[in-house]
Amino acid sequence: MRNKKVTIKLPYITEEIFIGEKMLDFVISKIKSRKYDKHVLIVDVNAKIDRVEYFNKLIKELNVVDIVILHPTPNYKSFKECEKIIKRLINVKASRNSCLISVGGGYVSDITGYVASNYMRGVDFVQISTTLMSMVDSVIGKVAINFGNNKNLLGSFYSPKYVFSDLDFLSTLKKDEKVLGLSEVWKHALIRRDDTVIKKMECYLSNFSNKSYLDFIYYSMKVKASCVAPDYNDKNGSHKALSLGHTFANFLEKKSEIRHGAAVMYGIIFVAILSKSLGKLSLKNYNQIIRTARKFEKNIGMLKNIQNDIEIEKVLDSFFSDKISEKNSLNFVLPTNFGYFIYKDVPKNCVVDALGAFKRLSL
Ligand SMILES: NC(=O)c1ccc[n+]([C@@H]2O[C@H](COP(=O)([O-])OP(=O)(O)OC[C@H]3O[C@@H](n4cnc5c(N)ncnc54)[C@H](O)[C@@H]3O)[C@@H](O)[C@H]2O)c1
C-alpha cells in the first residue's frame, strides 16, 4: 500500500494530510506527539459501528476524556449541535491545550471544526475522515455550520492540525455515498482540466473498483491545497475556483434536503451549459462534461425532480444573494476549455436562458 502526504502551509498553521490504510497506530503516535492535556472524540455514529477494536484502542491510548456521538440528520450542522458539544467540553474542563478529534464525514468535521475555532478562542482539532466526500474535500482552511435556512453561514477560516484519510473506513460506506464524494473529484479535475482523472472517474462510475480511491483523494487534496494556500481567506480568486458548480448547488441545498455531493453534480451541469452559451466552453468539451454527467445520473437519478422544481425567479434570487455575487451582479465560476474562469456580471438573460436549457436537458 502506498501512503501519501499533502502538506499545506497557511498563515499560523501547517496542515498535514495523510492518506493510507491501517493508519491507527500512526494516527495515535502523531496525536500523542503534540502532548495535549486532554482529548475529546466527536464521532459519527455510523463510522463507529463494527469498529469496536479501533475505537477501544484510540480511546485507551489517547486517554480520551469524553466521546460525543453525533447522528447526521437532514437538518444537520446546526448551532444546537455545537452547543451540546460545548457543554460537554465545559463539563470535562477542556482547556486551550486540549484537542478535539473528529471521526466522521463532512458533517462531523465541520461541526467539530466550528466548535474548535470558537471554544476558548480556538483549540486544536484533528480530523479522521470516514467518507469519500470528506477525504476528497477535507477541511482545508475553513469550517462552517448552517444557521436557519442558510447553508454554511457561520464559520471560520480554521484548519485541523492533521487530517487522516484511512481508506479502511470506506469499506462500510454505501456505494451512493461514494458517488456523492466523486462529484468533488470531478470539480477538481475540471478546475485543472485534467482529462486523465476524468476518464479514471468515468471508469470508476461504471465498475466501482476500489483501486482508485488513493489516487482520487491525493489528487483532490493537491488541487484543493493549491487553490487555498495562496488565498486562504478567499479574497483574491484562486480559492473561489473551488466554488465551481456551488452557486447552483447552494440554491438546491437551500431549497430541499438534497445531499451536498448531488447538488454539486447538478451545479456543474448548470455552469457547463452557461459556459458553453457564453463562449467559454467548446461543444466538444461541453459534450465531454455531459458524458460524465450521464454516468453520475445513472447513480443519482434526481434530474427530473430538480427540473420540475426550478422556478426561475427563485433561482435568480438565490444567485443574487450567493457568496460569490457582489454589488448586485451575477458571478459564476465556469468550467472552460483550459480550466476555470471567474465570470463577473453575467447578463441576467444569459442566466435565464441557461436555466431554461437546464430544465429541458435530458441525460
Ligand atoms: N469544510 C469543508 O472544507 C467541507 C468540505 C466538504 C464538505 N463539507 C461539508 O460536509 C458535509 C457533507 O459531508 P459528507 O458527504 O461526508 O456527509 P456526512 O458527514 O453526512 O456523511 C454521510 C453519511 O455517511 C455516514 N458515514 C460516515 N462515515 C461512514 C463510514 N465509514 N461507514 C458508513 N457510513 C458512514 C454518515 O453517518 C452519514 O449518514 C456538507 O455539510 C458539506 O458542506 C465541508
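Sequence order as written defines residue numbering, which begins from 1 separately in each chain. Residues qualify for local features only when their pLDDT is at least 70, as the model is predicted, and side-chain atom pairs are given and counted only at 80 or more; totals for whole chains, interfaces and linings, by contrast, use all residues. Water and hydrogen atoms were dropped before computing side-chain values, which therefore reflect all heavy atoms in the structure.

(A) Broad picture of the pairing of strand β6 (residues 124–129). Accessibility here uses a 1.4 Å probe with only protein chains present; expressed as a share of the type maximum, an area under 20% marks a residue as buried, one over 50% as exposed, and anything in between as partly exposed. Numbering of helices and strands starts at the N terminus; helices are DSSP runs of H or I of at least 4 residues and strands are runs of E of at least 2. In terms of burial, β6 is a largely internal element, six of the six residues being buried. Taking every second residue as pointing to the same face, both faces of β6 are buried, with D124, V126 and I128 on one and F125, Q127 and S129 on the other. For strand β5 (residues 99–104) and β6, the ladder comprises six bridges, and the chain directions are parallel. Along β6, the bridge assignment pairs G104 with S129. Across three bridges, β6 lies against strand β9 (residues 162–166) in parallel orientation. Of the residues in β9, the one forming a bridge with Q127 is V163. Here a strand pair is declared whenever DSSP counts at least two bridges between the two strands.

(B) Geometry of helix α11 (residues 260–277). Take the number of residues in a helix, subtract one, and multiply by 1.5 Å to get its expected span. Between its first and last C-alpha, α11 extends 26 Å over 18 residues, near the 26 Å set by a 1.5 Å rise per residue. A positive backbone phi angle near 80° is found at G279, which sits one or two residues after α11.

(C) Quick peek at the domain arrangement of the chain. Examined at the domain level, the chain breaks down into domain 1 (4–172) and domain 2 (185–360). Domain extents, as shown, originate in an automatic or database domain assignment. With centres defined by C-alpha atoms, the gap from domain 1 to domain 2 works out at 27 Å. Here, two residues are considered to be in contact whenever any of their heavy atoms come within 4.5 Å of each other. Counting residues at the interface gives 26 residues for domain 1, matched by 25 residues for domain 2. Of the roughly 2,400 Å² buried between domain 1 and domain 2, counting both surfaces, carbon and sulfur atoms make up 73%. Here K224 makes a salt bridge to D137, at a shortest N to O gap of 2.7 Å. As used in this structure description, the phrase polar contact means that two N or O atoms lie within 3.5 Å; if the pair is within protein, one of them must be able to donate a hydrogen and the other to accept it, and residues adjacent in sequence are counted only when both atoms belong to side chains. If you look at where domain 1 meets domain 2, you find three residue pairs in polar contact (both at pLDDT 80 or more). A total of six residues in the side of domain 1 that touches domain 2 trace back to one element, the largest contributor, which is strand β1 (residues 4–10). Amino acids are sorted into nonpolar (Ala, Val, Leu, Ile, Met, Phe, Trp, Tyr, Cys and Pro), charged (Asp, Glu, Lys and Arg) and polar (every other residue, Gly among them). Of the residues belonging to the side of domain 1 that touches domain 2, the class tally is 16 nonpolar, four polar and six charged. Computed with a 1.4 Å rolling probe, the buried area is the accessible surface lost when two parts are put together, summed over both parts. By definition, a salt bridge exists where a carboxyl oxygen of Asp or Glu is found within 4 Å of a side-chain nitrogen of Lys or Arg.

(D) Region of interest: the site of the ligand. Definition of nearness: a residue and a molecule or strand are near each other if at least one heavy atom of the residue lies within 4 Å of the molecule or strand. As a structural note, the neighbourhood of the ligand is formed by 25 residues, with N46, T130, T131, D137 and T172 the closest of them. Note that a nitrogen atom of the ligand is positioned 2.8 Å from one of the side-chain N or O atoms of D110. All accessible areas in this document rest on Shrake-Rupley with a 1.4 Å probe, and a residue is counted as covered only by the protein chains that are shown. Considering the ligand on its own, with 860 Å² of exposed area, one finds that the protein chains cover 89% of that surface. Listed by contribution, the elements that provide at least two residues to the shell around the ligand are α2 (45–48) and α5 (106–118). Here the element with the most residues in the shell around the ligand is α5; it accounts for three residues. The residue inventory of the shell around the ligand, partitioned by class, reads eight nonpolar, eight polar and nine charged.

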